[in-house]
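Each chain, letter by letter, is given below.
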Amino acid sequence: MLWTVTIACLLLAGLVFRQVFRREDAQEMAGEDAGLAILEFGRAFPEEAIREVIATADGRTVFLRLHDGKAGCMHAHGHHYSCHRIEPGTVRVESAGPKRLAVKFANAAFEGGVFEFRGEREAAEVSLWLLGSFMPAVVGLGPEAAGRQI
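Residues numbered from 1 in each chain as written. Predicted model: local features only at pLDDT ≥ 70, side-chain atom pairs only at ≥ 80, totals over all residues. Heavy atoms only, no water.

Student: Can you help me understand the nonpolar core in this one?
Tutor: Side chains that are nonpolar tend, in soluble globular proteins, to be buried together. Core analysis: the biggest nonpolar cluster contains 16 residues, and Phe63, Phe117, Val126 and Leu130 have the highest contact counts within it. Contributing elements (two or more residues each) for this core: strand 3 (71-77), strand 5 (91-97), strand 6 (100-105) and helix 2 (120-131). At 4 residues, helix 2 tops the list of elements feeding residues into this core. Ignoring any residue separated from it by four or fewer positions in sequence, one finds leucine 130 in contact with Phe63, Ala71, Ile86, Val91, Val93 and Val103. With 10 residues, the next largest nonpolar core counts Phe41, Phe45, Val62 and Leu64 among its residues. (Core = buried A, V, L, I, M, F, W, Y, C linked by side-chain atoms within 4.5 Å. Buried < 20%, exposed > 50% of the residue type's maximum accessible area, 1.4 Å probe, protein only. Helix = DSSP H or I, 4+ residues; strand = E, 2+ residues; numbered from the N terminus. Contact = heavy atoms within 4.5 Å.)

This is the structure we're talking about:
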């Protein structure tokens, strides 16, 4: 009887140990995926500087805020990413729920769809990036100041 209890305790401890490391591995993989996305986008568009990265809830799509008012999108296809630089005005974004965005690209070569994010704030932030709302507007200044930010 003592051996049966000992074996049952060891099996239970093994299951708990396995679950703990599975969660830590998933968290590390999520961080690596964002890093991999940055590297892959940098390889596809070396002239673009990335300011911020937000991944979807499933981690298969990553949206990137670029330095010059543009946005980028990367979608995982197995171990490869398809990279797309989004110019302002070439995308249509609609809300599909509090954490979801329905995105349609003018360039039909890149797939759109409904993307779900981890939180409402992330979905709202990405929608602003895609719509180009974060670009500063210079109003009432001459052409010599059009390139400067105030």
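Student: Explanation requested: the sheet that holds strand 2 (residues 61-66) in the structure shown.
Tutor: Paired through their backbone hydrogen bonds, the strands of a sheet run either parallel or antiparallel. Read across the open sheet, the 4 strands follow the order 1-2-3-4; overall the sheet is antiparallel. Among the strands making up the open sheet, the edge pair consists of strand 1 (50-55) and strand 4 (80-86). Averaged over all pairs of adjacent strands, the angle between their axes in this sheet comes to 20 degrees, without regard to strand direction. (Pairing = 2+ DSSP bridges. Axes fitted to C-alpha atoms, helices over the stretch in contact; angles between N-to-C directions.)

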